[in-house]
Amino acid sequence: SPVAPWNPSNFPSSFPSTSDCNKFPIPRPLAIWHDLAQQQALGMMYMILAACTVCLLLTAASLILLYGLPSPARCLVNHTYSEHVVGRSHPHSHAGPWCSYGSLPATWVNTAHVGPKWFIFDPACRLQDLLTPLAPKPQASKPPDKHPPLKVSIVQDPIPASTFDHLPLSSKNGSGILFVSDSVDRYLMTYLCQHMGGTVSDTVLGSVLGRAYSLAGDSLESIKTANLTEDDTAGYLVNTCTSNSSVHLASTYIPGVHPNGPYHMNRTLSFKERIDHAAAVWSSYSTQPPQIVVVASCLWDLARMSFFEPHLLAQEEIPLHVLQAWNTNFTNVIKYAQSTFQKTPLFIYHPIMLPKYDPLTGFMEKTYLGRRVFVEQLNAAGAHVAHQMGVEILDYEQMGRRFMEGQAYLTDLIHPKREVGLELANIYLNYAELLKQER
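Remember, it's a predicted structure, so these values are computed and weren't measured experimentally.

J.: How do you make sense of the state of the cysteines when you look at a structure like this?
T.: Summed over the entire model, instances satisfying the criterion amount to 2 disulfides. The residue that forms a disulfide with C99 is C125, at a sulfur-sulfur distance of 2.0 Å. As the torsion about the S-S bond is roughly -80°, the C99-C125 disulfide counts as left-handed. Taken together, the residues span a long stretch of sequence, with C99 in the loop between α2 (73-89) and β1 (106-108) and C125 in the loop between β2 (118-120) and β3 (152-155) at a distance of 26 residues. Across this residue pair, the class does not change: C99 and C125 are buried. At a sulfur-sulfur separation of 2.1 Å, the disulfide partner of C193 is C241. Residues C193 and C241 are joined by a disulfide whose S-S torsion is about 90°; by sign, that bridge is right-handed. Here C193, found in helix α3 (residues 183-195), pairs with C241, found in strand β6 (residues 238-242); they are 48 residues apart in sequence, far enough to count as distant. No difference in accessibility class separates C193 from C241, as the two residues are buried.

Next comes the structure, spelled out in C-alpha cells:
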C-alpha cells in the first residue's frame, strides 16, 4: 500500500523503557551463543597477549646474544671485567690507581738529561726520573754502548753464602728485577748497572754447566782452568750487578719457548732448567725475592725454527697453527716462572724492538731471523698471551718506532743503544716504585 506521508503528530512522544525489553527476551540458544562468543573473544585476547610477550622476550634474548647487555647493565659488566683484568695484572690490592706504564699511549720527548724522555699522555701516570738519583756522581765520559767483557765465576751447588758478600743487603725498600729473556735485556741490565756505578758479573752453577756440557758431549773438567767466556759457558750464565745501590739486577737466557729443543747454537737445557738456575742464583744474590720478573722470548724461537724447522718460515707469514702452538708453549713458560717465583708481585712481558732489516724487502740482516713480519707476529702473539694471563706489557717495539729512520735505536743488528736502554730501565724502576707505594 502507498506509504503515508510523514506527519509529526504521528511521531511517538516516548520510546519504550528498558523494562519493556523483557517483554521480548532473546531466545535461549542465541543467549548461549552470545555468552560463548564473549568467553572466546576474551580467551583469544589473552592468547594474543601471551604470544606477543613471548615474541618480545625472544627478540630481547636474541639482541643480547648478538650485541651484549644494554646499558646500564652492559656498562656494569664491562666495569667489572676491567677491574678483573687489572687484578690479574697485579694480584695485590691497590692503595691507589695502577698505571700500566709500558702500554699507555706515549711519545718520545728529547730532554737535557737522561729519563724520562718517554712522555706518557695520561697525567695520572707520568713517569718519574728514577735514573738520576741512582747515579753515584756525574760521569766524565759516556759509557760505551757495547757490552763489556765479562769475568765468569763458576760456583758450587748449593751456592756458598759468601758468594755475594760484596753486595749491600737488599731490604723491603729495595728493588729487585730479574730478566728471563735474552741478550736484549742483558744489554739493558748492563746499561742500568753501569749507570749506578756498578759492574756486571757472570755466575753459573758448576752443576748446571756440567750438565750442559755433558748433554753436548763435552767435559767441563777440561776447561775449568781456562779463562771462560760467554761462548765457553754456552749462554748458561746468570748476569748479576754489583753496585752500592739497593737496586738488585740479574738477567739470564732462555733458548726459546720450545720444551725440548733442539735449540739455536746447539744450546741445551730447556726454559725450566734455566729458570731454576736463575732462582738458585737469585736466592743467594738477594735476601728478598725479585719484585719484578720479566719473561720474554722471540728471536731464539725464530732462529730455532730457521735451522731445525725451516718449512715453518717458508711462507710470507708464520702459519696460524704455528703461532697457536707457540702461544701454548709461551703460556707454559710464564706459568713455570710464576710457580718458581711465587712471592714476586709483578710479571712483565715485552714485545721486542725490530732487529735490523731491509725496508725494501722486509728481510732481516741476520738472515736466519727471516722477515720483519715474523718478529711482529711473535710480538703480537706474546702480547696476547700476556693479556690473557694478566701479565703487564712493556712495549719495546712501540718505543723503537720513534727511531725507525735507519733504525737508530740499535747499537748493532739486535741490541738497543744506551739512551733507549736507559729509558726502558726507567720504566721498570717506575713499576718497582709503584709496587712500593702499595705496601
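J.: Just checking my understanding: could you explain the environment of Y191 for this structure?
T.: Relative to the helices and strands, Y191 is located in helix α3. By relative accessible area, Y191 is classed as buried at 2%. In sequence terms Y191 and R418 are 227 residues apart; their C-alpha atoms lie 6.1 Å from each other.

J.: Mind showing me how you'd approach the packing of aromatic side chains here?
T.: The geometry of two aromatic rings is summed up by the distance between their centres and the angle between their planes. Scanning the entire structure with this criterion turns up 12 aromatic pairs. Arranged with centres 6.4 Å apart and planes meeting at 75°, the rings of F271 and Y336 form a pair that is edge-to-face. Pair noted here: F271 is in helix α5 (residues 271-285) and Y336 is in helix α7 (residues 320-340), with a separation of 65 residues, a long-range link. Summarising the aromatic geometry, the rings of W282 and Y285 are spaced 5.3 Å apart at their centres and angled 70° between planes, so their arrangement reads as edge-to-face. Placement of the pair is W282 and Y285 together in helix α5, with a separation of 3 residues, close to one helical turn. Judged by its relative accessible area of 4%, W282 is buried. A relative accessible area of 3% means that Y285 is categorised as buried. Put simply, the rings of W98, Y101 and Y431 pair up and form one aromatic cluster.

J.: Whenever I open this one, the packing of α7 against helix α8 (residues 372-389) confuses me. Can you help?
T.: Two numbers describe a pair of packed helices, the interaxial angle and the distance between the axes. Remark: α7 packs on α8, axes separated minimally by 10 Å, with the N-to-C direction vectors making an angle of 50°. One way to sum up the angle between α7 and α8 is to call them oblique. Both α7 and α8 take part in a crossing whose hand is right-handed. In contact with L323, W326, N327, F330, T331, I334, K335 and Q338 of α7, α8 contributes Q377, L378, A381, G382, H384, V385 and M389.

J.: Just to check I follow, could you spell out the pattern of salt bridges for this structure?
T.: As enumerated under the stated definition, the model contains 5 salt bridges in all. One salt bridge in this structure joins E309 and R304, with 2.6 Å as the shortest N-O distance. Classification of E309 by relative accessible area gives partly exposed; the value is 25%. Between E376 and R372 there is a salt bridge; the shortest N-O distance is 2.7 Å. In this pair, E376 and R372 are both assigned in helix α8, 4 residues apart and thus about one turn of the helix distant.

J.: How do you make sense of α8 when you look at a structure like this?
T.: One turn of the α-helix equals 3.6 residues, which is why residues spaced by three or four share an orientation. The terminal C-alpha atoms of α8 lie 26 Å apart, and with 18 residues this matches the ideal 26 Å at 1.5 Å per residue to within 8%. Following α8 by one or two positions, G390 has its phi on the positive side, about 70°.

J.: Quick question: what am I supposed to make of the pairing of strand β8 (residues 292-295) here?
T.: Here β8 shows a buried face lined by I292 and V294 and a second buried face lined by V293 and V295. When strand β4 (residues 175-181) meets β8, the two strands line up parallel, connected through 4 bridges. Across the sheet, the residue bridging to V180 is V295, located in β8. Summarising the sheet, β8 and strand β9 (residues 346-349) pair through 3 bridges and their orientation is parallel. If you follow V294 over to β9, its bridge partner there is I348.

Conventions adopted
Residues numbered from 1 in each chain as written. Predicted model: local features only at pLDDT ≥ 70, side-chain atom pairs only at ≥ 80, totals over all residues. Heavy atoms only, no water. Disulfide = S-S within 2.5 Å. Helix = DSSP H or I, 4+ residues; strand = E, 2+ residues; numbered from the N terminus. Buried < 20%, exposed > 50% of the residue type's maximum accessible area, 1.4 Å probe, protein only. Phe/Tyr/Trp six-rings, centres within 6.5 Å; stacked < 30°, edge-to-face > 60°. Axes fitted to C-alpha atoms, helices over the stretch in contact; angles between N-to-C directions. Parallel < 35°, antiparallel > 145°, perpendicular 65-115°, else oblique. Left-handed = near helix turned anticlockwise from the far one by under 90°. Contact = heavy atoms within 4.5 Å. Salt bridge = Lys/Arg side-chain N within 4 Å of Asp/Glu carboxyl O. Expected span 1.5 Å × (residues − 1). Pairing = 2+ DSSP bridges.

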